[in-house]
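# Descriptive analysis of the structure
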Amino acid sequence: MRLLGEDTKCRLISFLAWLFVSIIGLTTRKKVVGFEHVQKLIESGQGFIMAVWHGRTLLPIYHCRGMGIWAITSLSRDGEIQTGVVSRFGYKTIRGSSGRGAVKAALAACKKLEDGEILAITPDGPKGPRRQVQEGIIFMAQRSGCPIIPIGAAARRQKLLPTWDKYAIPLPFSKCAIVYSEPITLGKGATLEAVEKPELMLKRILDDVQRQAEEMVGEEKSD
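The present account deals with the structure reproduced in this document.

Quick notes on the rules
- Residues numbered from 1 in each chain as written.
- Predicted model: local features only at pLDDT ≥ 70, side-chain atom pairs only at ≥ 80, totals over all residues.
- Heavy atoms only, no water.
- Helix = DSSP H or I, 4+ residues; strand = E, 2+ residues; numbered from the N terminus.
- Buried < 20%, exposed > 50% of the residue type's maximum accessible area, 1.4 Å probe, protein only.
- Pairing = 2+ DSSP bridges.
- Right-handed = clockwise from strand over helix to strand, strands pointing away.
- Phe/Tyr/Trp six-rings, centres within 6.5 Å; stacked < 30°, edge-to-face > 60°.

## A look at unusual backbone geometry
- With omega at 0°, the peptide bond leading from Gly125 into Pro126 counts as cis.
- Geometrically, the link from Gly128 to Pro129 is a cis peptide bond, its omega value of 5° lying close to zero.
- If you trace the backbone, Pro129 turns up in the loop between β5 (118-121) and α6 (135-144).
- For Arg131, which is not a glycine, the phi torsion comes out positive at approximately 55°.
- Checked against the element boundaries, Arg131 lands in the loop between β5 and α6.
- Phi is positive for Phe173, close to 70°, though the residue is something other than glycine.
- In this structure, Phe173 sits in the loop between β8 (168-170) and β9 (175-180).
- Residue classification places Phe173 among the exposed residues on the basis of a relative accessible area of 56%.

## Points about the pairing of strand β3 (residues 70-73)
- In the sheet, β3 pairs with strand β4 (residues 92-95) via four bridges, with the strands oriented parallel. The residue of β4 that forms the bridge with Ala71 is Thr93.
- In this fold, the crossover linking β3 to β4 by way of helix α4 (residues 77-88) has right-handed handedness.
- For β3 and β5, the ladder comprises two bridges, and the chain directions are parallel.

## Structural notes on the packing of aromatic side chains
- Overall, the coordinates contain four aromatic pairs when judged by the stated rule.
- Both rings, one in Trp18 and one in Phe89, keep their centres 6.3 Å apart while their planes meet at 50°; by these two values the pair is tilted. Within this pair, whereas Trp18 is found in helix α1 (residues 6-27), its partner Phe89 is found in the loop between α4 and β4, the two being separated by 71 residues in sequence.
- A relative accessible area of 24% means that Trp18 is categorised as partly exposed.
- Ring plane angle 80° and centroid distance 6.1 Å describe the contact between Tyr62 and Phe89, whose orientation is recorded as edge-to-face. Residue Tyr62 is found in helix α3 (residues 58-63), and its partner Phe89 is found in the loop between α4 and β4; the two are separated by 27 residues along the sequence.

## Quick look at the environment of Ile184
- With respect to the helices and strands, Ile184 occurs in the loop between β9 and α7 (198-217).
- Considering only alpha carbons, one finds Ile184 and Arg131, 53 residues apart in sequence, at a separation of 18 Å.

These figures come from the coordinates and say nothing about function on their own.
Set out below in structure tokens:
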């Protein structure tokens, strides 16, 4: 006999994950660089995208809690758990994935951006390849004309999980850094050079801010 139903299990797991991330967020010592770029866009009322590599989401999720940011989560059981976690941090979610509901989710996300909302995306998610920009974020940025703020996050002491993205979990009381880049535009009024493919340019900038964060805390290079 099953003691707990699937819905109850998902809620319990998401609560425990939220509690774990909260403890990490409260105990780590964070240096934040470039957050004024985020604040300036918020004050302008313009929608924008915040992008971070899939394996480095923990610190930005905690730092940007309570901002009413939209995130795309999959329709799977894991997506249900992720939704439960980020919702507790004040995020709003659009359900969809590369396998199911991808187009519907992307169009819904574009509508939110056009309405002046903030969207958080992992450009190499949900399944990789690791640190390779997928077409979804390029489509949404170009269709909406909204800027992207690439984010890097690092911790001096951390645990790398044996997953495709080498997910990084900062250890409690570790020195951490979060770096927010200046906004870049891929759509109307693009600021990026036309000679370089948008996905390659975005990857380069994401890698740059990630490297900056790692150097700030003395983290060993993860690549």
